[in-house]
Every structure is written in C-alpha cells, then in structure tokens.
Amino acid sequence: MSALRVSDVMSNHIAPVRCGTPLTEVVKALLENHISGLPVVDANRHLLGFVSEQDCIHALLVSSYHCEGDPIVDDVMFREPLTISPGTAIVDLAQMLGAGKPKVYPVVENGKLIGIVTRTAVLVELARAGCGVEFSKRSGADD
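Residues numbered from 1 in each chain as written. Predicted model: local features only at pLDDT ≥ 70, side-chain atom pairs only at ≥ 80, totals over all residues. Heavy atoms only, no water.

Novice: Give a description of the overall build of the protein that names residues and reports values.
Specialist: Per the secondary structure count, the protein includes 6 helices and 5 strands. Written out in order from the N terminus, the α and β elements of the protein read α-β-α-β-β-α-α-α-β-β-α. Here the protein holds 143 residues, and the buried ones make up 38% of them. Counting only carbon and sulfur atoms, one obtains 53% of the accessible surface of the protein, whose full area is about 8,000 Å². (Helix = DSSP H or I, 4+ residues; strand = E, 2+ residues; numbered from the N terminus. Buried < 20%, exposed > 50% of the residue type's maximum accessible area, 1.4 Å probe, protein only. Areas by Shrake-Rupley, 256 points an atom, 1.4 Å probe, with all protein chains shown as cover.)

Quick look at the structure:
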C-alpha cells in the first residue's frame, strides 16, 4: 500500500473547465461525470482555479432569483485550490483528507494539470488493500 501513488489512481479522462465557460455547461459536466468539482485551466492546462457543486448551486440560485442570466465559471471558481502531485503516496493523501477538505484534488506536475484524484478513488484503494474488496474501475471516478 505504501508504494501506491496518486498517479496510480488519478483520473485523467475528465476534461477540465476553461475560463469563460457558462456555469450551466459546468453543471452539465459535473452531473455527466458524477463528480463534485472540476479544475479550471487555461489553454495550456495551467491550473487557474477550481469549481464545485456548492459554488454552482449558490451562483445559480442568486442569478435566477435576480434574473441576471447565466454566470460564467470565472465568477464563482476558487482561485487558489489545493493541489497534489502525482508522486504523492496514497497513504499520505489519505491522512490529509478530513472534514472540510476537498473531495477532489487537481493533480499538477510541472505547473500543468494532468488529472484529478477523488476521495472515492482513495477509499476504493484503501478498501482493496485493507479488505481485499474488489470494485469496478468506475468506482474510483465517482465522488
């Protein structure tokens, strides 16, 4: 278990969000990918921020109440997200997780986004190692 790294369990098939994306498109991506948050990147995949379901709920509630139209991700994203490197041990990441901590971490290498790792992916790996429980590959992507 101690040899298992973030790069072994991260997802890199979920497309990040680009600045300027309407929030309704962000919500669609969150729902289609069954994930609670997405990184926001520039054209070169440099991480600019992170947007969560919670950010979207609040912004859409306010914009619909005031009939302000569709906000964009830039209006609501968190601009200083916590990140993790691909070489971080899963055991170390698991110890960092806790109440109030992100459920999804952008995985960054050389300043560029290379994937995401979720609490669910960490939980799946801990259950496999500790209990010998087998899960489908899809189990690690949801959160």
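Text resumes after the structure shown.
Novice: Tell me about the pattern of salt bridges, and name the residues and values.
Specialist: Evaluated as defined, the whole model comprises 1 salt bridge. Glu125 serves as the salt-bridge partner of Arg128, at 2.5 Å between the closest nitrogen and oxygen. Residue Arg128 and its partner Glu125 are both found in helix H6 (residues 119-131); the two are separated by 3 residues, about one turn of the helix. Taking the relative accessible area as the measure of exposure, Glu125 reaches 16% and is therefore buried. (Salt bridge = Lys/Arg side-chain N within 4 Å of Asp/Glu carboxyl O.)

Novice: Account for the nonpolar core, with residues named and values stated.
Specialist: Counting residues in each nonpolar core, the largest one holds 17 residues, and the members touching the most others are Val26, Ile35, Leu38, Val51 and Val73. Top contributing element to this core by residue count: helix H2 (residues 23-33), with 3 residues. Setting aside anything within four residues of it in sequence, one finds Val51 in contact with Val26, Ser36, Gly37, Leu38, Val40, Cys56, Val73, Val76 and Met77. By size, the runner-up hydrophobic cluster in this structure holds 12 residues, among which are Val6, Met10, Leu93 and Val107. (Core = buried A, V, L, I, M, F, W, Y, C linked by side-chain atoms within 4.5 Å. Contact = heavy atoms within 4.5 Å.)

Novice: Describe the sheet that holds strand E3 (residues 47-52), listing the residues and the values that go with them.
Specialist: The 3 strands are arranged E1-E2-E3 in an open sheet whose pairing can be described as mixed. Each of the sheet's edge strands pairs with one partner strand only, and the pair in question is strand E1 (17-18) and E3. In this sheet, E3 lies alongside strand E2 (residues 37-41) in antiparallel orientation, the contact comprising 5 bridges. Opposite Val40, over in E3, you have Gly49 as the bridge partner. Sheet strands in contact with H2 are E1, E2 and E3, and its direction is about 130° off that of E2. (Pairing = 2+ DSSP bridges. Axes fitted to C-alpha atoms, helices over the stretch in contact; angles between N-to-C directions.)

Novice: Could you give me a rundown of helix H3 (residues 53-65), with the residues and numbers involved?
Specialist: Taking 1.5 Å as the rise per residue, H3 with 13 residues should run 18 Å; its terminal C-alpha atoms sit 18 Å apart, in good agreement. Turning to H3, its buried residues number three or more, namely Cys56, Ala59 and Ser63. An end-on view of H3 places all buried positions within 75° of arc, on one side of the element. Exposed and oriented more than 90 degrees from the buried face of H3 are Gln54, Ile57, His58, Leu61 and Tyr65. Here the buried face of H3 lies against H2, E3 and helix H4 (73-76). Just downstream of H3 lies Cys67, where phi reads positive at about 50°. (Expected span 1.5 Å × (residues − 1). Arc of directions from axis to C-beta.)

Novice: Report on unusual backbone geometry, specifying residues and quantitative values.
Specialist: Although it is not a glycine, Arg45 adopts a positive phi angle of roughly 65°. Here Arg45 shows up in the loop between E2 and E3. Arg45 gets classed as partly exposed once you look at its relative accessible area, which sits at 34%. One non-glycine residue, Asn110, lies in the positive phi region at around 55°. Its location among the elements puts Asn110 in the loop between strand E4 (104-109) and strand E5 (112-118). By relative accessible area, which is 76% here, Asn110 ends up exposed.

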